[in-house]
Amino acid sequence: MQRNTLQNSLILEMVNKLKCHATAEEIYAAISVQYPNISKTTVYRNLNKLARDGKIYKIEVPGQADHYDHMRDEHYHIRCLNCAKIFDIDIEFVNNLQSSIKDAHGFVVNGCDLVFKGICPKCKNIIRGE
Ligand SMILES: [Zn+2]
Ligand SMILES: [Zn+2]
């Protein structure tokens, strides 16, 4: 197998294994435990490629690192304001939300990044002092 293909499938495997909307930094950390020779640039580059190819889903959070999701079907996320972790939420996905925009100021709309926010159960307990 080609070296690039091998790295690519290795990184995809790790995203599938982590199942936690990990950031590139976290994915790199997990991979480098097993493969200390792999460079951060390689991991970042391959994550972007996998997202472009539709093999993983990239969640862009303004002002924060991107997260990568092994689930490729469209679904919504919620971000904890305390620990910054991303979770899936079970809510019906609105297809073509952009088609209901009345006035896009001449924009060609390509989609939207909709991430809900809140406090996760774990942090809620910490804040409460439980
Ligand atoms: Zn939290
Ligand atoms: Zn998700």
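Values in this document were obtained by computation on a predicted structure and should not be read as measured data. (Residues numbered from 1 in each chain as written. Chains lettered and ligands numbered in written order. Predicted model: local features only at pLDDT ≥ 70, side-chain atom pairs only at ≥ 80, totals over all residues.)

(A) Spatial organisation of the nonpolar core. If you look at the biggest cluster of nonpolar residues, it comprises 12 residues: I11, M14, V15, A22, A24, I27, Y28, I31, V43, L47, I56 and Y68. Contributions of two or more residues to this core are made by α1 (3-18), α2 (24-34) and α3 (40-52). Considering each element in turn, this core owes the most residues, four residues, to α2. (Core = buried A, V, L, I, M, F, W, Y, C linked by C-beta atoms within 7 Å. Buried ≥ 20, exposed ≤ 12 C-beta atoms within 10 Å, placed from the backbone. Helix = DSSP H or I, 4+ residues; strand = E, 2+ residues; numbered from the N terminus.)

(B) Inspection of the sheet that holds strand β3 (residues 67-69) at higher detail. Read across the open sheet, the three strands follow the order β1-β3-β2; overall the sheet is antiparallel. Looking at the sheet topology across the chains shown, the edges are occupied by β1 (22-23) and β2 (57-59). (Pairing = 2+ DSSP bridges.)

(C) Here's a closer look at the environment of C120. Secondary-structure assignment places C120 in the loop between β6 (115-118) and α4 (121-128). The contact partners of C120, leaving out residues within four places of it in the chain, are C80, C83, K85 and F87. (Contact = placed C-beta atoms within 7 Å.)

(D) Representation of α3. The end-to-end C-alpha distance of α3 is 18 Å, a good match for the 18 Å that 13 residues give at a rise of 1.5 Å each. The set of residues buried in α3 consists of V43, N46 and L47. Projected onto a plane normal to the axis of α3, the buried residues spread over an arc of 105° and lie on a single side. In this structure, α3 carries T41 and R52 as exposed residues pointing more than 90 degrees from its buried face. Tucked inside the fold, the buried residues of α3 contact α1, α2 and β3. Taken from the residues just after α3, G54 is the one with a positive phi, measuring 75°. (Expected span 1.5 Å × (residues − 1). Arc of directions from axis to C-beta.)

(E) Inspection of the packing of α2 against α3 at higher detail. Packing of α2 against α3 brings their axes to within 10 Å, and their N-to-C directions diverge by 125°. On the basis of the axis angle, α2 is oblique to α3. Crossing handedness for the pair α2 and α3: right-handed. For the pair α2 and α3, the contacting residues are A24, I27, Y28 and I31 in the first and K40, V43, Y44 and L47 in the second. Here the residues of the contact of α2 with α3 sort into seven nonpolar, no polar and one charged. (Axes fitted to C-alpha atoms, helices over the stretch in contact; angles between N-to-C directions. Parallel < 35°, antiparallel > 145°, perpendicular 65-115°, else oblique. Left-handed = near helix turned anticlockwise from the far one by under 90°. Nonpolar A, V, L, I, M, F, W, Y, C, P; charged D, E, K, R; others polar.)

(F) Layout of the domain arrangement of the chain. Assigned domains within the chain: domain 1 (3-69) and domain 2 (76-128). When each unit is reduced to the centre of its C-alpha atoms, the spacing between domain 1 and domain 2 is 22 Å. With six residues of domain 1 at the contact, the number on the domain 2 side is six residues. Class assignment for the residues of the side of domain 1 that touches domain 2 results in two nonpolar, three polar and one charged. (Domains from an automatic or database assignment.)

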